[in-house]
Amino acid sequence: MPMFTRPTILMCPPDFYGIEYEINPWMNRSVPSDLAKSREQWQALHDLLVSLGVDVRLMPAAEGLPDLVFTANAGLVWRETVFLASFRHAARQGETPLDATWFESQGFRIESLPAGMNFEGAGDALFCGDTLYAGYLVRSDASAMQWLGDRMGCRVIPLQLTDDRFYHLDTCFCPLAHDTAIWHPLAFDDYARRAVSQIPNLIAVSEAEAARFACNAVVVGRDVVLNAGCPQLEADLRANGFTPHATELGEFLKAGGSAKCLTLRLDGEDAAVWL
Ligand code: ARG
């Protein structure tokens, strides 16, 4: 069983990253990413997390799997278990055997969802306090989220995503503490908006900053790492007692990802929000 003494995050270097297919509105094969720039931006994110005291673990990149770099989608880590993803699109399904091998080598218990349910890992499943907020419709299925809630014995609040640009929950919602979260209200249907509104402190992100992936932030205690170009959210974070750390991740926006997508909490997705 893996043991963690400090915040621990999985990343995968962008050695084979690129825009090779189009499975979300951000991806356009005629707007390719630049490998050297991607490497620089990824390394800067990595080094920033290390400087904040994070133990960053790496899994090897693999040719032909350009989105493997987005480790948030590998699965959901809960205690010593990883619930592996079951990707909606064939283009990403080849990642799962590699994820399984890596988690096995690290001593995790591996669970897969019942056949026929799609689930895209921490990209769609985020704890706020001991409640699991679960995005569904675009990539993950509501049934998968209910199954997970039963397995973990926790309350699940399914949130329907209505805007294809915000196709994973972590593109429009980010818990900061048990009673505080960042969100982009327009990405949700009415019912989901009402459900999220139960969280006492909500920081709403504008359309413009949501499109800069402001909500796709990595939370390490009071430190919040996010893409550059979100000055309003940075100010709002400071006003709420958090310290923003902006770092340019434009190359990854081309695939529809940013800081949070490039990371996966290994000490438990719930550990991201201890406060
Ligand atoms: N191109 C990837 C996809 O469409 C990006 C994944 C971003 N990950 C995330 N957790 N939002 O699947």
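Quick note: structure is the one above.
Throughout what follows, the structure given in this document is the object of discussion. Think of each chain on its own: its residues are numbered from 1, step by step along the sequence as written. The predicted origin of the model limits local features to residues at a pLDDT of at least 70 and limits the giving and counting of side-chain atom pairs to 80 or more, whereas totals for whole chains, interfaces and linings rest on all residues. Side-chain calculation: all heavy atoms of the structure are included, whereas hydrogens and water are not.

1. Quick notes on the environment of A214
The condition is simple: Strands are runs of DSSP state E lasting at least two residues, helices are runs of H or I lasting at least four, and both sets are numbered from the N terminus onward. Partly exposed residues are those whose accessible area sits between 20% and 50% of the maximum for their type, while under 20% is buried and over 50% is exposed, using a 1.4 Å probe and protein chains only. The criterion used for residue contact is that any of the two residues' heavy atoms lie within 4.5 Å.
Along the chain, the position of A214 falls in the loop between α6 (207-210) and β12 (218-220). With a relative accessible area of 0%, A214 lands in the buried category. In the structure, A214 is positioned 15 residues away from G229 in sequence and 8.3 Å away in space, judged by C-alpha atoms. Look past the residues within four positions of A214 in its chain and what remains in contact with it is V205, E209, L226, C230 and L233.

2. Structural notes on the site of the ligand
Here is the rule: In these notes, residues near a molecule or strand are those with any non-hydrogen atom within 4 Å of it. Pairs of N or O atoms are called polar contacts if they sit within 3.5 Å, as long as, within protein, a hydrogen donor faces a hydrogen acceptor (for residues adjacent in sequence, only side-chain-to-side-chain pairs). The Shrake-Rupley method, run with a 1.4 Å probe, gives the accessible areas here. Residue values count only the displayed protein chains as cover. When residues are grouped by polarity, Ala, Val, Leu, Ile, Met, Phe, Trp, Tyr, Cys and Pro land in nonpolar, Asp, Glu, Lys and Arg in charged, and all others, Gly among them, in polar.
For the ligand, the set of nearby residues contains 17 residues, the closest of which are N24, R92, R139, D170 and C261. In this structure, an oxygen atom belonging to the ligand sits 2.8 Å away from a side-chain N or O atom of N24. Separating a nitrogen atom of the ligand from a side-chain N or O atom of D170 is a distance of 2.8 Å. With the chains in place, 100% of the 350 Å² that the ligand exposes on its own is no longer accessible. A per-class count over the shell around the ligand returns seven nonpolar, six polar and four charged.

3. Quick look at the pattern of salt bridges
Threshold: Any Lys or Arg side-chain nitrogen found within 4 Å of a carboxyl oxygen on Asp or Glu counts as a salt bridge.
Summed over all chains, the structure comprises 15 salt bridges. Here D55 makes a salt bridge to R57, at a shortest N to O gap of 2.9 Å. The partly exposed category is assigned to R57, whose relative accessible area is 26%. The partner of E120 in a salt bridge is R139, and the shortest N-O contact between them spans 2.9 Å. Taken together, the positions of E120 in the loop between β5 (109-111) and β6 (125-128) and R139 in the loop between β7 (131-136) and α4 (142-152) put the pair 19 residues apart, joining distant regions of the chain. One exposure class covers both E120 and R139, and it is buried. Look at the salt bridges and you will find they share partners, linking R109, E111 and R151 into a network.

No statement about biological role is implied by the geometric values presented.
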